[in-house]
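One-letter residues, chain by chain:
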Amino acid sequence: MLNKEQLALTMEIVNRSEKLGLMQGDKLTALIDLEKATERFNLRLADMLNADDFNFSHDFVQIQNDINRATGEFSGRFLPRFTGVK
């Protein structure tokens, strides 16, 4: 589960992705995808939010493409650029 700060950053990321036309579904789906990605990869959300459009788009789109929404798991074929250290 995301903490308050992570949730706020995640919502800003979702809003930015919507403005860039990157979302494959609705905002709720994008929020859940990012929550799962943050849990799995310890995403550096502030760095992702403040990244240039190319790097931001790379991670956002690949998270959507790599997640199995039925299980909430990732395939292992993708490592986000904004992965944090656990």
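Residues numbered from 1 in each chain as written. Predicted model: local features only at pLDDT ≥ 70, side-chain atom pairs only at ≥ 80, totals over all residues. Heavy atoms only, no water.

### Here we look at the overall build of the protein chain
Rules: Each helix is a run of DSSP H or I of at least 4 residues and each strand a run of E of at least 2, with the numbering of both proceeding from the N terminus. The reference for a compact globule is 2.2 Å times residues^0.38; the radius of gyration itself is calculated from the C-alpha atoms. Think of it in three bands: residues with accessible area under 20% of the maximum for their type are buried, residues over 50% are exposed, and the middle band is partly exposed, with areas taken using a 1.4 Å probe on protein chains only. By the counting scheme adopted, Arg and Lys are positive, Glu and Asp are negative, and His together with the chain ends is not counted. A charged residue contributes its charge at one atom only: NZ of Lys, CZ of Arg, CG of Asp or CD of Glu.
In terms of helices and strands, the protein chain carries 4 helices and 2 strands. The helix and strand sequence of the protein chain, counted from the amino end, reads α-α-α-α-β-β. For 86 residues, the compact-globule formula gives about 12 Å, and the C-alpha radius of gyration of the protein chain, at 11 Å, lands near that figure. Viewed in the frame of its principal axes, the protein chain has a C-alpha envelope of about 30 × 25 × 25 Å. With 86 residues in all, the protein chain has 41% of them scored as buried. Across the protein chain, the centroid of the 11 positively charged side chains sits 2 Å from that of the 13 negatively charged ones.

### Side note on the environment of phenylalanine 54
Secondary-structure assignment places phenylalanine 54 in helix H4 (residues 53-66). Taking the C-alpha atoms as reference, phenylalanine 54 lies 23 Å from leucine 28; in sequence the two are 26 residues apart.

### Here we look at the nonpolar core
Short version of the rule: The nonpolar core is taken to be a set of buried Ala, Val, Leu, Ile, Met, Phe, Trp, Tyr and Cys residues, with the residues joined through side-chain atoms within 4.5 Å. What makes two residues a contact is simply this: any of their non-hydrogen atoms within 4.5 Å.
Formed by 22 residues in total, the largest nonpolar core has its most connected members in Ile13, Leu34, Leu43, Met48, Phe60 and Ile63. Of all the elements, helix H2 (residues 27-41) adds the most residues to this core, at 5 residues. Sequence-distant contacts of leucine 34, that is, excluding residues within four places in its chain, are made with Thr10, Ile13, Val14, Leu43, Met48, Phe60 and Ile63.

### Some details on the environment of alanine 37
You can see alanine 37 is positioned in helix H2. Residues contacting alanine 37, with those up to four places away along its chain left out, are Asn42, Leu43, Ile63 and Phe74.

### Section: H4
Where we set the bar: Given the number of residues in a helix, its expected span is that number minus one, multiplied by 1.5 Å. We define a polar contact as two N or O atoms separated by no more than 3.5 Å, with the added condition that, inside protein, one atom must be a possible hydrogen donor and the other a possible acceptor, whereas residues neighbouring each other in sequence contribute only through side-chain atom pairs.
Compared with the 20 Å implied by 1.5 Å per residue over 14 residues, the 20 Å span of H4 between its first and last C-alpha is a close match. Turning to H4, its buried residues are Phe56, Ser57, Asp59, Phe60, Ile63, Gln64 and Asp66. Looking at the buried residues of H4, the elements they touch are helix H1 (4-19), H2, helix H3 (45-49), strand S1 (67-68) and strand S2 (73-74). Measuring from the backbone nitrogen of phenylalanine 54 back to the side-chain oxygen at the start of H4 gives 3.0 Å, which picks out aspartate 52 as the cap.

### Quick look at the packing of H1 against H2
Definition in use: Note on definitions: angles span 0 to 180 degrees between N-to-C directions of axes, and those axes are lines fitted to C-alpha atoms, for helices only across the stretch in contact. Here is the rule for angles: anything less than 35 degrees is roughly parallel, anything more than 145 is roughly antiparallel, 65 through 115 is roughly perpendicular, and the remaining ranges are oblique. Each crossing gets its hand from how the near helix is turned against the far one by less than a right angle, where anticlockwise is left-handed and clockwise is right-handed. Here the term charged refers only to Asp, Glu, Lys and Arg, the term nonpolar to Ala, Val, Leu, Ile, Met, Phe, Trp, Tyr, Cys and Pro, and the term polar to all other amino acids, Gly among them.
One can describe the packing of H1 onto H2 by two numbers: an axis separation of 10 Å at closest approach and a directional angle of 130°. In terms of axis orientation, H1 runs oblique to H2. Of the two elements, H1 crosses H2, and the hand of that crossing is right-handed. Facing H1, whose interface residues are Gln6, Thr10, Met11, Ile13, Val14, Asn15 and Glu18, H2 presents Lys27, Ala30, Leu31, Leu34 and Thr38. Here the residues of the contact of H1 with H2 sort into 6 nonpolar, 4 polar and 2 charged.

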